[in-house]
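Below, each chain spelled out in residue letters.
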Amino acid sequence: NAGVTQTPKFQVLKTGQSMTLQCAQDMNHEYMSWYRQDPGMGLRLIHYSVGAGITDQGEVPNGYNVSRSTTEDFPLRLLSAAPSQTSVYFCASSYASRAYEQYFGPGTRLTVT
Amino acid sequence: LAKTTQPISMDSYEGQEVNITCSHNNIATNDYITWYQQFPSQGPRFIIQGYKTKVTNEVASLFIPADRKSSTLSLPRVSLSDTAVYYCLVGDTNTGFQKLVFGTGTRLLVSP
């Protein structure tokens, strides 16, 4: 199993540009989520999904969109990048029966100039 | 979600036992205590979860007193590779998706 994979690893955007961060998991997990981690801080939940076709907002959803058309994939879209979105983005997934045990991807380091 | 308090940083040497204590005075009856580990430039990794008394796995032990207002993660005989940030999380794991709330964690530095 590859686990949770994220692409790209690094990205630099200019203010106002849009892009999609990709996340995929091959463990047949029901739950998937996106977090951001700013320097020296803990992770904050952006959006999450409890199954294909179902998404919901987390703590800091503004400026981001998600969709979940398949169990495996959960892309995160930045609509119009802002410097405040400079961060490391982590995707995670888990079984519904063990939701406290989330598996995290390696992260995408995003810089918005 | 119950708020947690843990030390900002700890130092240790290889081969020593490390105990990281987390305070969660407002823990609710349905809340479980979960610990994650995060290495630099990586995503967090689940270590252990418990409700009361003691839980042990191949990585660590978790001690929870009867009042459950605190918990202690114990790492036996640490090595340099245990240098990481350790997060204590508290929440009700019986309510579907877990909106994990990560604080700033405890930064453990293990020296030779």
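Everything below is about the structure printed above this text.
Residues numbered from 1 in each chain as written. Chains lettered and ligands numbered in written order. Predicted model: local features only at pLDDT ≥ 70, side-chain atom pairs only at ≥ 80, totals over all residues. Heavy atoms only, no water.

Draft legend 1. Structural detail: the overall build of chain B. Tallying secondary structure elements over chain B gives zero helices and nine strands in all. Helices and strands appear in chain B in the N-to-C order β-β-β-β-β-β-β-β-β. Taking 112 residues into account, the globule formula puts the C-alpha radius of gyration at 13 Å, and chain B, at 13 Å, falls close to it. Sequence separation of at least 24 residues holds for 58% of the intrachain contacts in chain B that already meet a minimum separation of 6. Here chain B has roughly 5,700 Å² of accessible surface; of this, 50% comes from carbon and sulfur atoms. (Helix = DSSP H or I, 4+ residues; strand = E, 2+ residues; numbered from the N terminus. Rg over C-alpha atoms; globule rule 2.2 N^0.38 Å. Contact = heavy atoms within 4.5 Å. Areas by Shrake-Rupley, 256 points an atom, 1.4 Å probe, with all protein chains shown as cover.)

Draft legend 2. Structural detail: the state of the cysteines. All names here are of chain A. All told, the structure shown has two disulfides over all chains when counted by the stated rule. A sulfur-sulfur separation of 1.8 Å characterises the disulfide bridge that pairs Cys23 with Cys91. What sets the handedness of the Cys23 and Cys91 disulfide is the S-S torsion sign, and at about -70 degrees it is left-handed. With Cys23 in strand E3 (residues 19-25) and Cys91 in strand E9 (residues 87-94), the pair connects residues that are 68 residues apart, well separated along the chain. The exposure class of Cys23 is buried, given its relative accessible area of 2%. (Disulfide = S-S within 2.5 Å. Buried < 20%, exposed > 50% of the residue type's maximum accessible area, 1.4 Å probe, protein only.)

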